[in-house]
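Residue-level listing of the chains:
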Amino acid sequence: MSKIGLPRGLLYYEFAPLWTTFFEALGAEVVVSPKTNKKILDDGTRYCVDDACIPVKVFHGHVLNLKNKVDTLFIPRIMGIHQKEYICPKFCGLPEMIKYSINDLPKMINTKIDYTKKDQSKRTMNQIASYITTNKKTIQKAYQMANQSYTEYKKNQKELLISNNHNIMIMGHPYIIYDDFLNMSIKKKLKKAGLYPVTYDIFDESILNKYALGYHGKIFWLFFRKMIGACLYLIDHKLVDGVIYLSSFGCGIDSVVAETVERNIRRNSQIPFMLITIDEHSGEAGFNTRLEAFIDMLKWRNKDENYLSPYGDYVYSR
Ligand code: SF4
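Every value quoted in this text rests on a predicted model; they were computed, and no experiment measured them. (Residues numbered from 1 in each chain as written. Predicted model: local features only at pLDDT ≥ 70, side-chain atom pairs only at ≥ 80, totals over all residues. Heavy atoms only, no water.)

**Some remarks on the overall build of the protein**
What counts, and what does not: A run of DSSP states H or I qualifies as a helix once it reaches four residues; a run of E qualifies as a strand once it reaches two. Both are numbered from the N-terminal end. As defined in this context, the radius of gyration uses C-alpha atoms, and a globule is described by 2.2 Å times the residue total to the power 0.38. Only protein chains enter the calculation, and the probe is 1.4 Å; a residue is then buried if its accessible area is under 20% of its type maximum, exposed if over 50%, and partly exposed in between. Contact criterion: two residues are considered in contact whenever any of their non-hydrogen atoms come within 4.5 Å of each other. When charges are tallied, Lys and Arg are placed among the positive residues and Asp and Glu among the negative ones, while His and the ends of the chain are skipped. Charged groups are reduced to one reference atom each: NZ for lysine, CZ for arginine, CG for aspartic acid, CD for glutamic acid.
Within the protein, the secondary structure is distributed over 14 helices and 10 strands. Here the C-alpha atoms of the protein give a radius of gyration of 21 Å, agreeing with the 20 Å that 2.2 N^0.38 yields for 318 residues. Seen through its C-alpha atoms, the protein measures out along the principal axes to roughly 70 × 40 × 35 Å. Buried positions account for 53% of the 318 residues belonging to the protein. Within the protein, contacts between residues at least 6 apart in sequence are counted, and of these 71% link residues at least 24 apart. Between the centroid of the 43 positive side chains of the protein and the centroid of its 33 negative side chains there is a distance of 5 Å.

**Describing the domain arrangement of the protein**
This is how the line gets drawn: Domain borders in the structure are assigned automatically or taken from a domain database. Accessible area that two parts lose when put together, evaluated with a 1.4 Å probe and summed over both, is termed the buried area. Any carboxyl oxygen of Asp or Glu within 4 Å of a side-chain nitrogen of Lys or Arg constitutes a salt bridge here.
Taken as a whole, the protein is organised into domain 1 (3-156) and domain 2 (167-317). Between the C-alpha centres of domain 1 and domain 2 there is a distance of 28 Å. Carbon and sulfur atoms make up 65% of the surface buried where domain 1 meets domain 2, a total of about 2,000 Å² over both sides. Three residues, Y13, I54 and E85, lead the burial of domain 1 against domain 2; their summed loss comes to 28% of the area buried on that side. On inspection of domain 1 and its partner domain 2, the count reaches three salt bridges. Residue R225 is joined to E85 by a salt bridge in which the shortest nitrogen-to-oxygen separation is 2.5 Å. Among the secondary structure elements, those contributing two or more residues to the side of domain 1 that touches domain 2 are α1 (12-25), α2 (38-47) and α3 (54-66). Per-element tally for the side of domain 1 that touches domain 2: the top contributor is α3, with four residues.

**Points about the nonpolar core**
Our working rule: Here the nonpolar core consists of buried residues drawn from Ala, Val, Leu, Ile, Met, Phe, Trp, Tyr and Cys, with membership extended through side-chain atoms lying within 4.5 Å.
Counting 108 residues, the largest nonpolar core has L11, F23, M169, M171 and I244 as its most contacted members. Each of domain 1 (3-156) and domain 2 (167-317) accounts for three or more of the residues forming this core.

**Considering the confidence of the model for the protein**
Spelled out, the test is: Residue-level confidence of the predictor is what pLDDT reports, using numbers from 0 through 100.
Per-residue confidence for the protein gives a mean pLDDT of 89, with 93% of residues at or over 70. Confidence drops under a pLDDT of 50 for residues 314-318, and excluding neighbours within four residues, the segment shows 10 contacts in the predicted structure.

**Section: the pairing of strand β2 (residues 29-32)**
Basically, it comes down to this: When DSSP locates at least two bridges between a pair of strands, those strands are taken to pair. With the strands pointing away from the viewer, any crossover whose connection runs clockwise from the first strand over the helix to the second is right-handed.
Pairing of strand β1 (residues 3-6) with β2 involves four bridges; the strand directions are parallel. Residue K3 lies in a different strand from β2, and its bridge partner there is E29. Crossover handedness for the path β1 to α1 to β2: right-handed.

**Considering the sheet that holds strand β3 (residues 72-74)**
Going by this rule: Each axis is a line fitted through C-alpha atoms, and for a helix only the stretch in contact is used; angles between axes span 0 to 180 degrees, taken between their N-to-C directions.
Taking strand neighbours across the sheet as the criterion, the four strands line up as β2-β1-β3-β5 in an open arrangement whose pairing is parallel. Every other strand in the sheet has two partners, leaving β2 and β5 (107-109) as the edge strands with one partner each. The average undirected angle you get between the axes of adjacent strands in this sheet is 30°.

**Describing the site of the ligand**
To keep it simple, the criterion reads: A single heavy atom is enough: if one lies within 4 Å of a molecule or strand, its residue is considered near that molecule or strand. Just so you know the grouping, Ala, Val, Leu, Ile, Met, Phe, Trp, Tyr, Cys and Pro go in nonpolar, Asp, Glu, Lys and Arg go in charged, and all remaining residues, Gly too, go in polar.
Residues in contact with the ligand, as listed here, are C53, P55, V56, C88, K90, F91, H173, Y175, S248, C251 and I253. Of all the secondary structure elements, the ones that give two or more residues to the shell around the ligand are α3 and α4 (89-92). Residues of the shell around the ligand, tallied by class, amount to eight nonpolar, two polar and one charged. Counting residues domain by domain, the shell around the ligand receives three or more from each of domain 1 (3-156) and domain 2 (167-317).

If you want it as C-alpha cells, here you go:
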C-alpha cells in the first residue's frame with residue numbers, strides 16, 4: 001500500500017479532509033506530519049531560503065519530518081482555487097522550493113491545481129489519482145467521497161456567533177489562524193480571558209462574496225476576498241467586540257490585505273483592531289503583553305460604556 005505524506009502546513013488547513021479522504025478512498029495510507037512544534041520550525045528555518053515567510057519555513061519543517069516515513073509526498077503546485085482569482089506565487093513554486101532545498105526526497109505528487117479556469121476539478125483529481133490507481137470506478141467514488149467530506153468540514157466550521165458574548169474575530173491566512181504553534185494558542189488565551197474567538201469561516205461564502213463586491217476595485221487574491229468581505233460585513237452588523245489580524249513578516253499579500261482591512265475598520269467603525277506580525281524570532285512574552293493590553297482595553301470599554309475611540313475624529317467629536 002502506498003504511503004502518502006501530507007505536510008501539515010499551508011493549505012493543509014483548508015483542504016485536509018478533502019485530500020485525506022481522497023487518498024484513503026483510493027487505497028493509500030495517509031501519513032500527516034505532527035502539529036507544528038519548535039523542532040519543525042527550527043528545521044524548516046534551517047533548510048528554507050532566508051527570505052521566505054514563516055508559514056513556508058514551517059512547511060519545509062513538516063516535509064523534513066515526513067521525508068523518511070513515506071514513499072510519496074503530496075505537494076501540489078497550486079495556481080488558483082477559484083475562477084479569475086489568484087493565490088500567493090509561493091504556492092505555484094512550492095514543489096521547486098522544496099526540491100531544491102531538501103535532498104533525498106521521496107517521490108512527489110506535484111500536480112498542477114489550477115481552478116482559475118473552468119471545470120478543472122475532476123480532471124485534476126484524476127491526474128492526482130493516477131499516481132495510485134487507474135481504476136475509474138475507484139477514482140470516481142473517491143472523488144465523490146472527498147467532495148462530501150470537504151462540504152461537511154466547511155459546514156462544521158460555521159460556529160455560531162454568541163450574542164452578548166464578547167466575540168473576537170481572528171483574521172489572517174488559515175495556516176496561521178489554525179496553527180496553534182504559529183498563533184501562540186491565541187484562541188485558548190482569549191477563551192481564558194472570557195472572550196469568544198471566531199474566524200471568517202463562520203460566514204457563508206455567499207455573504208463574503210456579497211460584501212466583497214461592495215469593495216471598490218477588483219479583488220485578485222483568494223484570501224483578500226474573504227477577509228475584506230468579512231471586514232465589511234462586520235462593520236455593517238457590529239457583530240464582534242474586536243478584530244485581531246495575525247500577519248506573517250515579509251508577506252507581500254498581507255502588506256495590502258492587512259492594511260486595507262485595518263483602514264476600513266478604523267475609518268468606518270468603532271471596532272478595536274490590532275495587527276500582530278509574527279516571524280521565527282517572535283517571542284511569546286511580547287505577544288502575550290500585546291494581547292493582554294488589548295483585552296484590558298476591551299474590558300475597560302465595556303465597563304465605562306462610552307466606546308470612545310482612541311482613533312481619529314472620535315477623540316475630538318464627543
Ligand atoms: S500569502 Fe504571505 S504568508 Fe502566505 S505563503 Fe504567501 S507570503 Fe507566505
